[in-house]
Amino acid sequence: MESKIISLMDTSTTITLLLFTLFFMATRSAAVQSIVAQSVSKSNELQKCENGLGATCGNTIYQHVFERGNEVSKECCSRLITVGKDCHDLLTEVTIVYKRTPEKKAKEIWHKNDKAWEDCKQSAAPSPKGSSELQNCENGLGAKCGHLIYQHVFKSKKEVSKECCRRLLSIGKDCHDLLTEVTIVYKRLTEKHAKEIWHRNDKVWEECEKD
């Protein structure tokens with residue numbers, strides 16, 4: 001009789017532990033799924049923010065907020081206003097976390113983050129047309145060819161491949177000039193240096209036309 005009671009107690013305990021384990025796993029699984037879903041959502045949101053701002057303006061604003069870089073151009077201000085304050089804050093937040101920025105330094109960065117936003121609101125009204133034009137130019141050229149042509153025009157490095165020439169010609173001379181102009185403004189190049197850049201800008205276009 002006693003052995004049967006012990007056996008029943010063991011069985012009851014086993015079932016209880018099993019139910020508890022299943023409940024814990026289900027709860028944990030739901031929590032993990034929730035975290036994963038939030039991470040994916042935030043990742044998608046971050047990607048949209050980066051795409052909306054563009055590589056050139058994204059780098060300009062990063063340098064301004066984190067590295068005490070150059071002033072933000074009107075074009076980049078327009079793009080920043082277009083993507084919105086939430087995107088601006090998200091990009092800053094992710095960078096602060098990634099760089100493991102100390103609290104004191106983070107406060108300074110948030111101050112510059114907010115100041116950049118306020119300055120942009122005052123200096124440049126939203127310009128979806130101009131912003132979308134620059135975005136279309138960058139998308140049409142693509143990251144790889146964009147980098148290659150940048151190196152060729154601004155660094156006198158690397159020849160432009162036939163594929164990148166085709167992509168450059170497909171987006172048009174206006175796009176080519178716009179991308180160069182935005183970069184010149186961002187870098188605050190001297191007039192003499194800018195003339196050299198424009199010469200190489202036009203030269204690469206002519207060479208691509210020949211191909």
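What counts and what doesn't
- Residues numbered from 1 in each chain as written.
- Predicted model: local features only at pLDDT ≥ 70, side-chain atom pairs only at ≥ 80, totals over all residues.
- Heavy atoms only, no water.
- Helix = DSSP H or I, 4+ residues; strand = E, 2+ residues; numbered from the N terminus.
- Buried < 20%, exposed > 50% of the residue type's maximum accessible area, 1.4 Å probe, protein only.
- Contact = heavy atoms within 4.5 Å.
- Expected span 1.5 Å × (residues − 1).
- Arc of directions from axis to C-beta.
- Disulfide = S-S within 2.5 Å.
- Axes fitted to C-alpha atoms, helices over the stretch in contact; angles between N-to-C directions.
- Left-handed = near helix turned anticlockwise from the far one by under 90°.
- Nonpolar A, V, L, I, M, F, W, Y, C, P; charged D, E, K, R; others polar.
- Parallel < 35°, antiparallel > 145°, perpendicular 65-115°, else oblique.
- Phe/Tyr/Trp six-rings, centres within 6.5 Å; stacked < 30°, edge-to-face > 60°.
- Salt bridge = Lys/Arg side-chain N within 4 Å of Asp/Glu carboxyl O.

### A closer look at the overall build of the protein chain
Phase 1 of the analysis: Counting its secondary structure elements, the protein chain contains 10 helices and zero strands.
Phase 2 of the analysis: From first element to last, N terminus to C terminus, the protein chain shows the α and β order α-α-α-α-α-α-α-α-α-α.
Phase 3 of the analysis: Residue burial in the protein chain is summarised as follows: out of 211 residues, 34% are buried.
Phase 4 of the analysis: Considering only contacts within the protein chain whose residues lie at least 6 apart along the sequence, 74% involve residues at least 24 apart.

### Focus on helix α10 (residues 191-210)
Phase 1 of the analysis: Taking 1.5 Å per residue as the helical rise, α10 with its 20 residues ought to reach 28 Å, and the 29 Å between its terminal C-alpha atoms agrees with that figure.
Phase 2 of the analysis: Considered for burial, the residues of α10 that qualify are A194, I197, N201, V204, W205 and C208. Projected down its long axis, α10 carries its buried residues within an arc of 100 degrees, all on one side. Of the exposed residues in α10, the ones pointing more than 90 degrees away from its buried face are K192, K195, H199 and K210.

### A few points about the state of the cysteines
Phase 1 of the analysis: Counted under the stated rule, the structure contains six disulfides.
Phase 2 of the analysis: Linked covalently through their sulfurs, C57 and C76 form a disulfide whose S-S length is 2.2 Å. Because the torsion about its S-S bond is -80 degrees, the bridge between C57 and C76 counts as left-handed. Note that C57 is positioned in helix α2 (residues 55-66) and C76 in helix α3 (residues 74-83), a separation of 19 residues in sequence.
Phase 3 of the analysis: Judged by relative accessible area, which is 1%, C57 ranks as buried.
Phase 4 of the analysis: Using a relative accessible area of 1% as the deciding quantity, one classes C76 as buried.
Phase 5 of the analysis: With its sulfur 2.0 Å from that of its partner, C137 forms a disulfide with C175. Handedness here is read from the sign of the S-S torsion; for C137 and C175, about -75 degrees, the answer is left-handed. Of this pair, C137 sits in helix α6 (residues 128-141) while C175 sits in helix α9 (residues 173-187), and the two are 38 residues apart along the sequence.

### Describing the packing of α2 against helix α4 (residues 85-98)
Phase 1 of the analysis: Viewed as axis vectors pointing N to C, α2 and α4 meet at an angle of 60 degrees, and their least axial separation amounts to 12 Å. Crossing geometry of α2 relative to α4 is assigned as right-handed. Residues I61, Y62 and F66 of α2 form the contact with α4, whose participating residues are H88, T92, T95 and I96.
Phase 2 of the analysis: Among the residues making up the contact of α2 with α4, the classes are represented as four nonpolar, three polar and no charged.

### Examining the packing of α2 against α3
Phase 1 of the analysis: With their axes 10 Å apart at the nearest point, α2 and α3 run at an angle of 95 degrees to one another. The pairing of α2 with α3 is recorded here as roughly perpendicular in orientation. Side by side, α2 and α3 meet where C57, T60 and I61 of the first sit next to C76, R79 and L80 of the second.
Phase 2 of the analysis: Split by residue class, the contact of α2 with α3 holds four nonpolar, one polar and one charged.

### Some remarks on the packing of aromatic side chains
Phase 1 of the analysis: What the rule picks out here adds up to two aromatic pairs.
Phase 2 of the analysis: With a centroid separation of 5.1 Å and an interplanar angle of 20 degrees, the aromatic rings of Y62 and F66 are classed as stacked. Of this pair, Y62 and F66 both sit in helix α2, separated by four residues, roughly a single helical turn.
Phase 3 of the analysis: Under the relative-accessibility criterion, Y62 is labelled partly exposed at 26%.

### Things to note about α2
Phase 1 of the analysis: Taking 1.5 Å of rise per residue, 12 residues should cover 16 Å, and α2 covers 16 Å from first to last C-alpha, within 8% of that figure.
Phase 2 of the analysis: Along α2, the residues that are buried comprise C57, T60, I61, H64, V65 and F66.
Phase 3 of the analysis: One or two residues past the end of α2 sits R68, with phi positive at roughly 55 degrees.

### A word on the pattern of salt bridges
Oppositely charged side chains are able to pair whenever their charged atoms sit close together.
Phase 1 of the analysis: According to the stated counting rule, one finds 10 salt bridges in the structure shown.
Phase 2 of the analysis: As a salt-bridge pair, K85 and D114 come within 3.1 Å of each other at their nearest N and O atoms. Pair noted here: K85 is in helix α4 and D114 is in helix α5 (residues 103-123), with a separation of 29 residues, a long-range link.
Phase 3 of the analysis: On the basis of relative accessibility, which here comes to 25%, the residue K85 falls in the partly exposed class.
Phase 4 of the analysis: Residues K203 and E207 are paired through a salt bridge, measuring 2.5 Å at the closest nitrogen-oxygen approach. With a gap of four residues between them, K203 and E207 both fall in helix α10, about one helical turn apart.

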